[in-house]
Amino acid sequence: MRNPTAFLGEEYRQLVDQDLDWRIRVLESPSMPWSEIDGKRVLMFCSNNYLGLSNHPRLKEAAHRAIDERGVGSGSVRPIAGTMDLHVELERRLARFKHADASLVYQTGFAANAGLIPQLAGEGDLIVSDELNHGSIIDGVRLSRAERAVYRHADVEDLRSVLSKAEEHAPSYRRILVITDGVFSMDGDIAPLDRISQVAADHGAMVYVDDAHGEGVLGPGGRGIVSHFGLGRDKVHVEMGTFSKAFGVVGGHISGSKDLALFALNKSRTWLLSGSHPPPVAAACLAAIDVLESEPEHVERLWAHTRRFKKEMRDLGFDIGRSETPITPVIVGESSRAQKLSSRLFELGVFALPIVFPMVARDKARIRTIMNAALTPEDVTTAVAAFAKAGRELSLI
Ligand SMILES: *Cc1c(COP(=O)(O)O)cnc(C)c1O
């Protein structure tokens, strides 16, 4: 008789044989510059907690207070009985921070992309997407009935030609949506959003940017990629982001016009049909915005560390790709080399995970490092020394 679940183990073992399985490390401490992971004290070099806000006293205090005053759950989905004053205040403050007319908060960034993209474009429409966009965008696009086209990574001329060809083919698209990551999470490069938005405008297309890795990092005060390029809301129509990275908490969001927020909340099934954030989450996100507005030193320190780390790694002879942000990939080739480097670094006290196929091309496996403002200059020295030692042992440099 056929075993209906035999494929589970078979497919898993295939991944293991190819060094493509996830080996999950467990944190036994807060996510801090020095974290306790699998029983070992190591330097955290791959968290998305860019500014160290997940342990900032003001965020923790706000979360505690919200539990005391509002409890640990919201009791419902947002449209029924799950919108608290904290959620409304968070959206108001986020819109102000982003210099937008309105913002809407989703449970996660993934839920924002999966819920909103298929509503923005459907039957008779066209979505044009950068080939390296994040998986949550890819899934959002798959949920749409729109036609799809992909342009070469960050290649504005290719975007222009894709749009021109599409229009020749079918001049009657109802709407066109151009969608890109702001900062690409595997390579750390920045989308040329100024030129992308210009080309989109030439074709009457909407522009949607996923700024998950740009917020708290790029632009004045960490306001993100739209501020970084100084673009108006008439140029970038949907600025999507997350509270789970530099903001140090969890949650997705979009910013733009009032019409966008009202459309999105009435149409996104992920927003309408899934429970809203617990009060401590909303309160901690609010406190994160306070911190970004009043303590610019976190973003400044993040960039100072980043510039130094990139220079020292390049001087050592590592291939650190084309990154322009605190994400610095250390590209080593095959998956197994990345796994070995990561294991050796861990033994030497640095935690940086390998990123392998299918997240990146098979021959572009890497260690992805993410700089953190909470590290001290001595911590950065320690990490560079560990990379140098492991790199030489494995003949990578
Ligand atoms: C992390 C990430 C997301 C998902 O955000 P969550 O809030 O963690 O669900 C979406 N897009 C990009 C580009 C990301 O890096």
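Parameters and conventions
Residues numbered from 1 in each chain as written. Predicted model: local features only at pLDDT ≥ 70, side-chain atom pairs only at ≥ 80, totals over all residues. Heavy atoms only, no water. Helix = DSSP H or I, 4+ residues; strand = E, 2+ residues; numbered from the N terminus. Rg over C-alpha atoms; globule rule 2.2 N^0.38 Å. Buried < 20%, exposed > 50% of the residue type's maximum accessible area, 1.4 Å probe, protein only. Contact = heavy atoms within 4.5 Å. Areas by Shrake-Rupley, 256 points an atom, 1.4 Å probe, with all protein chains shown as cover. Lys, Arg positive; Asp, Glu negative; His and termini not counted. Charge placed at Lys NZ, Arg CZ, Asp CG, Glu CD. Near = heavy atom within 4 Å. Polar contact = N/O pair within 3.5 Å; in protein donor to acceptor, adjacent residues only side chain to side chain. Nonpolar A, V, L, I, M, F, W, Y, C, P; charged D, E, K, R; others polar. Phe/Tyr/Trp six-rings, centres within 6.5 Å; stacked < 30°, edge-to-face > 60°. Pairing = 2+ DSSP bridges. Axes fitted to C-alpha atoms, helices over the stretch in contact; angles between N-to-C directions. Expected span 1.5 Å × (residues − 1). Domains from an automatic or database assignment. Buried area = accessible area lost by both parts, 1.4 Å probe. Salt bridge = Lys/Arg side-chain N within 4 Å of Asp/Glu carboxyl O.

(A) Main features of the overall build of the chain. Of regular secondary structure, the chain possesses 14 helices and 13 strands. At 22 Å, the chain has a C-alpha radius of gyration in line with the 21 Å of a compact globule built from 397 residues. With the C-alpha coordinates of the chain rotated into their principal frame, the extents come out at 60 × 60 × 55 Å. Across the 397 residues in the chain, those meeting the buried criterion constitute 54%. Across the chain, contacts joining residues at least 24 apart in sequence account for 70% of those joining residues at least 6 apart. Accessible surface, the chain: about 17500 Å² in total, of which carbon and sulfur atoms supply 53%. A gap of 1 Å separates the mean positions of the 47 positive and 52 negative side-chain charges of the chain.

(B) Region of interest: the site of the ligand. As a matter of local geometry, the ligand sits amid 13 residues, with Gly109, Asp210, Thr242, Ser244 and Lys245 nearest to it. At 2.6 Å, a backbone N or O of glycine 109 approaches an oxygen atom of the ligand. Notes on the ligand: free accessible area 380 Å², of which the protein chains cover 87%. Partitioned by chemical class, the residues of the shell around the ligand number two nonpolar, eight polar and three charged.

(C) Molecular detail of the packing of aromatic side chains. Under the criterion given, the structure shown has six aromatic pairs. Ring plane angle 80° and centroid distance 6.2 Å describe the contact between phenylalanine 97 and phenylalanine 247, whose orientation is recorded as edge-to-face. Of the two residues, phenylalanine 97 sits in helix H3 (residues 85-97) while phenylalanine 247 sits in the loop between strand E8 (238-242) and strand E9 (252-256), which places them 150 residues apart along the sequence. Taking relative accessible area as the criterion, phenylalanine 97 reaches 0% and is therefore assigned buried. Ring geometry for phenylalanine 346 and phenylalanine 351: centres 6.0 Å apart, planes at 80°, overall edge-to-face. Through successive ring pairs, a cluster of aromatic residues spans Phe45, Phe309, Phe318 and Phe387.

(D) Main features of the sheet that holds strand E13 (residues 365-370). Across the sheet, which stays open at both edges, the three strands sit in the order E10-E13-E12 with antiparallel pairing between neighbours. Each end of this open sheet is capped by a strand with a single partner; those strands are strand E10 (327-333) and strand E12 (354-355). Alignment of E10 against E13, held across six bridges, turns out to be antiparallel. Among the inter-strand pairings, isoleucine 327 is bridged to a residue of E13, identified as isoleucine 370. Across the sheet, helix H13 (residues 335-347) is in contact with E10, E12 and E13; its angle to E13 comes to roughly 40°.

(E) Just the side chain of glutamine 107, in detail. Structurally, glutamine 107 is set in the loop between strand E3 (102-106) and helix H4 (109-120). On the basis of relative accessible area, glutamine 107 is assigned to the buried category, the value being 14%. Side-chain polar atoms of glutamine 107 contact the backbone oxygen of serine 274, separated by 2.7 Å. Not counting residues within four places of it along the chain, the set of residues in contact with glutamine 107 comprises Val250, Gly251, Gly252, Thr270, Trp271, Ser274, Gly275 and His277.

(F) Focus on unusual backbone geometry. Residue proline 358 follows phenylalanine 357 across a cis peptide bond; omega there is 5°. Its place among the elements puts proline 358 in the loop between E12 and E13. Here alanine 154, not a glycine, exhibits a phi torsion of approximately 55°, which is positive. Residue placement: alanine 154 occurs in the loop between strand E5 (147-151) and helix H6 (156-169). Exposure remark for alanine 154: the relative accessible area of 23% places this residue in the partly exposed category. A positive phi is found at serine 395, a non-glycine position, where the angle reads about 55°. Among the structural elements, serine 395 can be located in the segment after helix H14 (377-393). Owing to a relative accessible area of 56%, serine 395 belongs among the exposed residues under this scheme.

(G) Helix H11 (residues 279-294), seen in detail. The end-to-end C-alpha distance of H11 is 23 Å, a good match for the 22 Å that 16 residues give at a rise of 1.5 Å each. Of all 16 residues in H11, 13 are buried; the element is thus mostly enclosed.

(H) Spotlight on the domain arrangement of the chain. In terms of domain boundaries, the chain breaks down into domain 1 (11-44 + 296-393) and domain 2 (57-294). On a C-alpha basis, the centroid separation for the pair domain 1 and domain 2 is 27 Å. At the junction of the two partners, domain 1 supplies 17 residues and domain 2 supplies 19 residues. Together domain 1 and domain 2 conceal approximately 1400 Å² of surface at their shared face, both sides included; 60% is due to carbon and sulfur atoms. The tally of links between domain 1 and domain 2 comes to three salt bridges. We note a salt bridge from aspartate 187 to arginine 322, for which the minimum N-O separation is 3.1 Å. Run the count over domain 1 and domain 2 and you get nine residue pairs in polar contact (both at pLDDT 80 or more). Elements with a minimum of two residues in the side of domain 1 that touches domain 2: helix H12 (297-316), E10 and E13.

(I) Structural detail: the sheet that holds E9. Strand order across the open sheet formed by seven strands is E3-E9-E8-E7-E6-E4-E5, with mixed pairing between neighbours. At either margin of the open sheet sits one strand with a lone partner, and together these are E3 and E5. Neighbour-to-neighbour, the strand axes of the sheet open up by a mean angle of 20°, direction not taken into account. Strand direction decides the pairing type here: strand E4 (residues 126-130) and E5, joined by five bridges, are parallel. Within E5, the residue paired with aspartate 130 across the bridge is tyrosine 151. Contacting E4, E5, strand E6 (176-181) and strand E7 (206-210), helix H5 (residues 135-142) runs over the sheet at an angle of about 160° to E6.

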